[in-house]
Amino acid sequence: MMAVRVAVIFVLLQGATSAIELLVGTGDRGREDGTSNAFRSTEVRTMTVEAERGSGQGKIMWRSKASGKKTVLLNASEVRTMSFTLSSSGGFLFSIRYSNDNDNSAPCETVSIRVDGSPLGSFVAADTGDGGVGWNTFRTAGNIGSRSLAAGKHRIRISTSGGDLYGIEIDCARLKMM
Ligand SMILES: [Ca+2]
Ligand SMILES: [Ca+2]
Ligand SMILES: [Ca+2]
């Protein structure tokens, strides 16, 4: 009888250990997933807002060097909107990571960004390469503009104009706390 009890306790302990490991494992995976459109804690100073997690126009593309391994191909006049949530208010600098395998004989796209409906800024994209390789070569347009934002949900709207006939791929927006 005693031996059976000991065995049962041992099984329970084993079960408890597995449960703890499982929780730790889930937590680690959560931290490695940097694609969430939300600050995980107030200690995080930079937030990445993935274009592929947004809504609206554009085609999702797989790119091994992209943040989250995906981009959104936007053709001229197409619009993509991404939401993000701030746990506390603050001032933020915005940048956009993109790739643009542009036709060398054509102009590059102009990218315009609005935050919560009002213009933040725009930039003329660079040509990031040729022959398809340029789509997996990324560049960041830094410090497009800054904005003071309250805690809560916000929207980034990205639109393109001009350029060649092949569009531009938007990887993500980054917000840096000032
Ligand atoms: Ca282009
Ligand atoms: Ca090119
Ligand atoms: Ca991305």
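Counting of residues starts from 1 at the beginning of each chain's written sequence and follows it residue by residue. For naming, the first written chain is A and the first written ligand is 1, with later ones following in the order written. Where local features are concerned, this predicted model is filtered to residues with pLDDT of at least 70; where side-chain atom pairs are given and counted, the filter is 80 or more; whole-chain, interface and lining totals use all residues.

J.: Would you explain the overall build of the protein chain in this entry?
T.: Here a strand is any run of E in DSSP of at least two residues, a helix any run of H or I of at least four, and the numbering for each starts at the N terminus. Each helix and strand counted, the protein chain has one helix and 11 strands in total. Ordered by position in the sequence, the α and β elements of the protein chain form the string α-β-β-β-β-β-β-β-β-β-β-β. What counts as a contact is two residues whose backbone-derived C-beta atoms lie within 7 Å of each other. Taking as baseline every contact in the protein chain between residues at least 6 positions apart, the subset at least 24 positions apart corresponds to 72%.

J.: Looking at this model, I keep getting lost on the sheet that holds strand β8 (residues 118-124). Mind explaining?
T.: In a beta sheet, neighbouring strands are held together by backbone hydrogen bonds and run either parallel or antiparallel to one another. Each pair of strands is called paired provided DSSP finds at least two bridges between the two strands. In space, the five strands of this open sheet follow the order β2-β5-β10-β7-β8, with antiparallel pairing throughout. Either end of the sheet is taken by a strand with one partner, and the two such strands are β2 (55-56) and β8.

J.: Would you mind going over the pairing of strand β5 (residues 79-86) with me for this structure?
T.: Along any regular strand, the residues point their side chains to alternate faces of the sheet. When β2 meets β5, the two strands line up antiparallel, connected through two bridges. Paired with S55 across the two strands is T81, which belongs to β5.

J.: Whenever I open this one, the nonpolar core confuses me. Can you help?
T.: It is characteristic of soluble globular proteins that their nonpolar side chains tend to be buried jointly. Put simply, a nonpolar core is a cluster of buried Ala, Val, Leu, Ile, Met, Phe, Trp, Tyr and Cys residues tied together by C-beta atoms within 7 Å. Counting other C-beta atoms within 10 Å of each residue's C-beta, where C-beta atoms are placed from the backbone, gives the exposure class: buried for 20 or more, exposed for 12 or fewer, partly exposed between. Core analysis: the biggest nonpolar cluster contains 22 residues, and V49, I113, I156, I170 and A173 have the highest contact counts within it. Every element with two or more residues in this core is listed here: β1 (46-50), β4 (70-74), β5, β6 (90-99), β7 (109-115), β10 (152-162) and β11 (168-177). Setting aside its immediate chain neighbours within four residues, A173 contacts V49, M82, F94, I96 and I156.

J.: Help me understand the confidence of the model for the protein chain, please; the structure alone is not making it clear to me.
T.: Detailed reading of the predicted coordinates is not advisable wherever pLDDT falls low. One confidence number per residue, pLDDT, is output by the predictor and ranges from 0 to 100. The predicted model of the protein chain averages 83 in pLDDT, with 75% of residues at 70 or higher. Counted against residues more than four places away or in other chains, residues 6-35, with its pLDDT under 50, gives five contacts.

J.: Help me out: how do you make sense of the pairing of β11 in this one?
T.: With seven of 10 residues buried, β11 is to be regarded as a mostly interior element. Here β1 runs beside β11; their pairing, made up of five bridges, is antiparallel. Paired with V49 across the two strands is A173, which belongs to β11. Examined bridge by bridge, β4 and β11 share three bridges and lie antiparallel to one another. When the bridges of β11 are listed, L73 appears paired with E169.

J.: For this particular structure, what's the right way to read the environment of G117?
T.: With respect to the helices, strands and loops of the structure, G117 is situated in the loop between β7 and β8. Distance from G117 to R155, taken between C-alpha atoms, is 7.7 Å for residues 38 residues apart in sequence.

J.: Please explain unusual backbone geometry as it appears in this structure.
T.: Both trends apply: most residues other than glycine have a negative phi, and most peptide bonds are in trans. Positioned with a positive phi, K69 is a non-glycine residue whose angle comes to about 65°. Within the element layout of this structure, K69 appears in the loop between β3 (59-62) and β4. Among the residues examined, K69 registers 14 C-beta atoms within 10 Å and is labelled partly exposed. The backbone phi angle of N143 is positive, close to 50°, even though this residue is not glycine. Mapped onto the secondary structure, N143 falls in strand β9 (residues 139-149). Judged by the 12 C-beta atoms lying within 10 Å of it, N143 is exposed.

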